[in-house]
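# Results of the structural survey
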Amino acid sequence: MNLTKDRFGGLLFLLLSVTYGYYAADIPLLPGDKFEVFHAQTLPYWLSGLGVVFSVLLIVLKPVASSASEPLFKSNVLLMFGLMAFTFLFSVALPWLGFPITTSIFLASSYWMLGERRPKMLVFASVPFALVFWLLLTQVLDVYIAPARLLFW
């Protein structure tokens, strides 16, 4: 069996689904919820199970055409690791720069890595989205997001 990028993605999704199902057991239940039909752990278990089923189907049943499916080493693994690095840097910078600034920088740099080079498009595709999402979270949904540490340092 060739390890193509589709099968590699299926293996990653299988790992994610199994891990999600494992940690779903850590969700606390209210007293008496153990005997209910639907409780806080039900949906995570179902999502994990469906993820396992679909990832195994992707790994096993994906037909491999010699010209249509390229090997893993020819795919965009470098791009994947770059986006993972941006995600890590986003999590490190979030408490220091705040949500709107960090999200705007993260989105603009991710769009740039994916191939968008027009500065206007980078700004207009990231800044309004980050601001609207921040306003939706803080004003409409009343979610507390801590302010940037650099502002109050």
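Refer to the preceding data block for the structure.
My aim in this report is to walk through the structure given alongside it, one point at a time. (Residues numbered from 1 in each chain as written. Predicted model: local features only at pLDDT ≥ 70, side-chain atom pairs only at ≥ 80, totals over all residues. Heavy atoms only, no water.)

Before going further, it helps to spend a moment on the overall build of the protein. Regarding its fold elements, the protein presents five helices and zero strands. Across the protein, contacts joining residues at least 24 apart in sequence account for 63% of those joining residues at least 6 apart. By element, 74% of the accessible surface of the protein is carried by carbon and sulfur atoms, the whole surface being about 11400 Å². (Helix = DSSP H or I, 4+ residues; strand = E, 2+ residues; numbered from the N terminus. Contact = heavy atoms within 4.5 Å. Areas by Shrake-Rupley, 256 points an atom, 1.4 Å probe, with all protein chains shown as cover.)

With that settled, consider the side chain of S48. For S48, the location among the structural elements is in helix α2 (residues 42-61). For S48, a relative accessible area of 8% translates into the label buried. One polar contact links the side chain of S48 to the main-chain amide nitrogen of G21, over a distance of 3.3 Å. (Buried < 20%, exposed > 50% of the residue type's maximum accessible area, 1.4 Å probe, protein only. Polar contact = N/O pair within 3.5 Å; in protein donor to acceptor, adjacent residues only side chain to side chain.)

With that settled, consider the packing of aromatic side chains. Applying the stated criterion across every chain yields a total of four aromatic pairs. Centroid distance Y22 to Y23: 5.1 Å. Interplanar angle 80°. Geometry classified as edge-to-face. Ring centres of F90 and F106 lie 5.1 Å apart, and the angle between their planes is 45°; this geometry places the pair in the tilted category. Taken as a pair, F90 in helix α3 (residues 77-97) and F106 in helix α4 (residues 99-113) lie far apart in primary sequence, 16 residues in all. By relative accessible area, which is 22% here, F106 ends up partly exposed. In this structure an aromatic cluster arises from ring pairing among F99, F129 and F133. Lying over the aromatic face of W112, R117 brings its terminal NZ or CZ to 4.2 Å of the ring centre. (Phe/Tyr/Trp six-rings, centres within 6.5 Å; stacked < 30°, edge-to-face > 60°. Lys NZ or Arg CZ within 6 Å of the ring centre and 35° of its normal.)

Turning our eyes to something else, we now look at the environment of V53. Mapped onto the fold, V53 is located in helix α2. Each C-alpha atom, one on V53 and one on S17, is 9.4 Å from the other, the two residues being 36 residues apart in sequence.

The next point concerns the side chain of S17. In this fold, S17 is placed in helix α1 (residues 5-23). Look past the residues within four positions of S17 in its chain and what remains in contact with it is S48, G51 and V52.

The quantities given are spatial measurements derived from coordinates; they are silent on function.
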